[in-house]
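Spelled out from the first residue to the last, the chains are:
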Amino acid sequence: MLSRSRYRPHPARFAGRLPRLITASVVAVALVAVGPAPASSAPISATTAGPPPPTVSGDPYVPMSAGTWNGGVGQPGTFTFGANGSPDVVRYVYQLNGGNAVWATAGEPRAEQLPADQRQVSTDVTGYGAVNATRTRVTTLGHDSDDSLAVTPIAAGGGASGAIGDTFATVDGDRGGLRSGMQPGKRYEISAWIYVPAATGLAPTGTIGRERGLRLVAFYKAGPTYTAVHSSRASRTDTWQRLSVIMDVPPTATDAFFRLYNGFDVGSGKTVYWDDLSVREYVETTSEVSITPIRDGLNVLSVQSYNSAWVGSDTTVYRFLVNPSIGAWSWNMDAGAGTVAESDPAGHPLTFTGPGVSWAAPGRVGASAVTLAGTDDLSTSAPVLDTAAPAGFTVAAWARLTDLGQSRTAISQDGDQASMFRLGYRDDVDVDGDNQPDPAWCFTLAATDSATASQAAACTTDFVNVGEWVSLVGIYEPYHGLIKIYVNGPPDFGGTLAQAHYTGEWSATGGFAVGRAWSGSDRWIGELDHVQAAQRAWGEIDVLVHMLW
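Here goes a summary of the coordinates provided.

Regarding the overall build of the chain
Alright, step 1. The secondary structure content of the chain amounts to 3 helices and 35 strands.
Alright, step 2. Counting only C-alpha atoms and orienting by the principal axes, one finds that the chain spans roughly 90 × 60 × 40 Å.
Alright, step 3. For the chain, the proportion of contacts with a sequence separation of at least 24, taken over those separated by at least 6, is 71%.
Alright, step 4. Positive and negative side-chain charges of the chain, numbering 36 and 51 respectively, have mean locations separated by a distance of 10 Å.

Put into structure tokens, the structure is as follows:
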């Protein structure tokens, strides 16, 4: 469970040109006896002219100027980026709706050039070498399998540069030739997945380690000079992360090879793991990229080209229209009489199941709310939300809880054996990591339709006060694999956001319930008002609107 109280991710937003984000740097170096010396910070080229803006097209997401709406939230499209006549484009960088920048290699990949055992270390360590380090096949940790290559600095000895972090594994040889099938005059994407244990950490201290540690570094030699191309550095622990470089091997090159850097000093005992290596030649400059819209209506895709000197073009802005997500309902709880709370639009009435549900006036929003005694609830006769829809969903309510003696559910939807989701109060989760349960507002999803299924929960202990009204919003974003809970609005407006990873999408085909979880458990005691459900993931503006009612 990832629970972040008062946390809001700030996506990079850029006006005009996209930032010149560099995921691989290119520097000229001289190789010493044991390995390359620290790379200088000077670029190998002073070229400042960038390529022309790229061409962009989409399928089925044609340009907005065509006047048609296509696809839907969570439905991927294929976008084609072209070099617009430039022969020197090596990567594209794109952003959807001002979100995070994503790199795409220019061109189409040829066949994989590494043998299967070198790609996934599936048999032994044949083809791998090591300098100032050991390389070992492990069978208990891998990216897409159980196997990977463990690289650990030797305990003592080695070359002098090992004391400053020159510790690495080689693949298919090192200096002195064209390795891994690479040839002069061609462009290659070289990639690998790295796993850095928390005990190893992300901060090599040696001079070479600070420059190359926890990176994939490729080299070529043209004339007397070696040129190094660095990937970005691993930035997370206890998870697999993909690193990659694009390397244009000059027509006059005599050497081309790459290294998997550990980067910690000899004697440190710090291990990193590598898996799923790849070397592919790329030809031409046109790329197809799969992009999934995460909101309906107008979407804006911004794309730049980068040349071999890592100079970016002006930005091409591609606007397209995504079909609206279908379905949004509210139950305002303003009837004040009778045993039915009608939905708006009509079609999903909530029916009182017994005398433990009644009306209270006034409500938090409007003339009345429902009050529940912990013995009955309100439910529909059919499902309201398609819980497996690619667009995701949102549920929300104003809630006042008058009893914190056990977990209490404000909103849920039934499967055959469990509630697919529950929005409400829980007293059985450890939010702060002290091995003790904490009182918390939670949005909880079950992995499968089973009474014993594992669960993911986004929880926060903020605003848990008996007898006080709170705005609760639970959001499921299947395209990000995330669930979120907002309490009393977005963090920028004084509220709280917590989120957690979730995998296990399934369709709950039972009733939509207010005031309980599956089979009458976790019944609500207190009031509920202004309940909403939407067949899409709300943005923070929607969350704010609910809070301001």
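Some details on empty space enclosed by the protein
With a probe scaled to a water molecule rolled over the atoms, the places where space remains empty come into view.
Alright, step 1. Inspection of every chain in the model, using the stated rule, returns 1 cavity of 30 Å³ or more.
Alright, step 2. Considering only enclosed or pocket space, the largest cavity measures out at about 40 Å³ in volume.
Alright, step 3. Lining the largest cavity, in full, are Arg 408, Thr 409, Arg 422, Leu 423, Gly 424, Tyr 425, Arg 426, Cys 442 and Thr 444.
Alright, step 4. Elements that contribute at least two residues to the lining of the largest cavity include exactly strand 27 (408–414), strand 28 (419–429) and strand 29 (438–446).
Alright, step 5. If you tally residues by element for the lining of the largest cavity, the top one is strand 28, at 5 residues.
Alright, step 6. Residues of the lining of the largest cavity, tallied by class, amount to 3 nonpolar, 3 polar and 3 charged.

Examining the sheet that holds strand 34 (residues 512–514)
Alright, step 1. Taken in spatial order, the 8 strands line up as 21-22-25-34-27-28-29-30 in an open sheet, and their pairing is antiparallel. Because the sheet does not close on itself, it has two edges, and the strands there are strand 21 (340–341) and strand 30 (455–460).
Alright, step 2. Two strands pair when backbone bridges link them, and strand 21 and strand 22 (residues 350–352) are joined in this way by 2 bridges, in the antiparallel orientation. Directly across from Ala 341, in strand 22, lies its bridge partner Leu 350.

Quick notes on the sheet that holds strand 18 (residues 297–306)
Alright, step 1. Taking strand neighbours across the sheet as the criterion, the 4 strands line up as 5-4-18-19 in an open arrangement whose pairing is antiparallel. Strand pairing shows two members of the sheet lacking a second neighbour, strand 5 (102–105) and strand 19 (316–322), which therefore form its edges. Looking at each pair of strands side by side, their axes are set apart by 30° on average, direction ignored.
Alright, step 2. Pairing geometry for strand 4 (residues 91–96) and strand 18, over 6 bridges, is antiparallel. The partner of Tyr 94 across the bridge, within strand 18, is Val 303.

Thresholds, definitions, all that
Residues numbered from 1 in each chain as written. Predicted model: local features only at pLDDT ≥ 70, side-chain atom pairs only at ≥ 80, totals over all residues. Heavy atoms only, no water. Helix = DSSP H or I, 4+ residues; strand = E, 2+ residues; numbered from the N terminus. Contact = heavy atoms within 4.5 Å. Lys, Arg positive; Asp, Glu negative; His and termini not counted. Charge placed at Lys NZ, Arg CZ, Asp CG, Glu CD. 1 Å grid on protein atoms, 1.4 Å probe; cavity = no way out; pocket = protein on both sides within 12 Å on 5 of 7 lines; lining within 4 Å. Points joined across faces, edges and corners; volume = space filled by probe spheres on them. Nonpolar A, V, L, I, M, F, W, Y, C, P; charged D, E, K, R; others polar. Pairing = 2+ DSSP bridges. Axes fitted to C-alpha atoms, helices over the stretch in contact; angles between N-to-C directions.

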